[in-house]
Amino acid sequence: MALKVTGGVRGDWAVVQVSGEMDLVTSPALRQEVHDAVADGRRSLVLDLSDVLFCDSSGVGVLIAARRLIRSCQGRLRLILPAQGAVDGSHVNRVLGALGVRRLFDVYPDVAAAVDDGAAPMSA
C-alpha cells in the first residue's frame, strides 16, 4: 500500500496527515512534506500518523530527522497516534516504543488536542 501525505493548516500549526505504509520506498514523500513545511516558514508541525498501517526503520528515521529539523528551527513537533496510544496502540506507537525512541516525541490522541497549546501530551 502506498503512503498518502496531505497537508493543511490549523492556526499556527501545519498539519500533515499520513496514511498507508511508511517504508523505504514511501518515506521520502513524508520527508519532503516536512522539508516543504519548514521552507514555507512553518515551525509548528503536527504529523497525524493515526492511519499509518506499517512503519519500518526508514519511517522511524524520517520521524527522528523531522524532530531534529524542527528543533534546529526552535520549532515544535507533535505526533498523533490513536487514543489508545501506549495502551494497546498503533503500529507506529509499538515500533517507536520497541526502538526506545517513543519518549522523544510529544504524542497526542487527535488533531484538536495536538493544536491546543494547553493540552498535555499522552504519556509514553
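Computed from a predicted structure; not experimentally measured.

Draft legend 1. Here's a closer look at the side chain of S44. Inspection of the secondary structure puts S44 in strand 3 (residues 44–55). Overall, S44 belongs to the buried group, its relative accessible area being 8%. There is a polar contact of 2.9 Å between the side chain of S44 and the side chain of R76. If near-sequence neighbours (up to four positions away) are discounted, S44 is found in contact with D12, W13, A14 and R76.

Draft legend 2. The arrangement of the nonpolar core in detail. Counting residues in hydrophobic clusters, the biggest one holds 27 residues, and the most contacted among them are L30, L45, L47, L49 and L63. Only strand 2 (13–22), helix 1 (27–39), strand 3, helix 2 (57–72), strand 4 (76–80) and helix 3 (91–98) provide two or more residues apiece to this core. Apart from residues lying up to four places away in sequence, L47 is in contact with V16, L30, V34, L63, L77, R78, L79 and I80.

Draft legend 3. Quick look at helix 3. Taken together, the buried positions of helix 3 are V92, N93, V95 and L96. All buried residues of helix 3 lie within an arc of 165° about the axis, which places them on one face of the element. Elements that come into contact with the buried residues of helix 3 comprise strand 3, helix 2 and strand 4. Among the residues trailing helix 3, G100 stands out with phi positive, at a value near 75°.

Draft legend 4. Fine view of the packing of helix 1 against helix 2. The N-to-C vectors of helix 1 and helix 2 enclose an angle of 10°; their axes lie 9 Å apart at closest approach. Looking at the two axes, helix 1 sits roughly parallel to helix 2. Residue-level inspection shows S27, L30, R31, V34, H35 and V38 of helix 1 in contact with helix 2, the latter providing S58, G59, V62, L63, A65, A66, L69 and I70. Of the residues that constitute the contact of helix 1 with helix 2, the class distribution is nine nonpolar, four polar and one charged.

Draft legend 5. Local environment of the pattern of salt bridges. Per the counting criterion, the structure on display carries one salt bridge. Between R76 and D117 there is a salt bridge whose closest N-O contact spans 2.9 Å. Of this pair, R76 sits in strand 4 while D117 is found in the segment after helix 4 (111–114), placing the two residues 41 residues apart along the sequence.

Draft legend 6. Focus on the environment of L30. Note on placement: L30 falls in helix 1. Placed 12 residues apart in sequence, L30 and V18 show a C-alpha to C-alpha distance of 7.8 Å.

About the criteria used
Residues numbered from 1 in each chain as written. Predicted model: local features only at pLDDT ≥ 70, side-chain atom pairs only at ≥ 80, totals over all residues. Heavy atoms only, no water. Helix = DSSP H or I, 4+ residues; strand = E, 2+ residues; numbered from the N terminus. Buried < 20%, exposed > 50% of the residue type's maximum accessible area, 1.4 Å probe, protein only. Polar contact = N/O pair within 3.5 Å; in protein donor to acceptor, adjacent residues only side chain to side chain. Contact = heavy atoms within 4.5 Å. Core = buried A, V, L, I, M, F, W, Y, C linked by side-chain atoms within 4.5 Å. Arc of directions from axis to C-beta. Axes fitted to C-alpha atoms, helices over the stretch in contact; angles between N-to-C directions. Parallel < 35°, antiparallel > 145°, perpendicular 65-115°, else oblique. Nonpolar A, V, L, I, M, F, W, Y, C, P; charged D, E, K, R; others polar. Salt bridge = Lys/Arg side-chain N within 4 Å of Asp/Glu carboxyl O.

As far as function goes, none of this settles anything; it's purely spatial.
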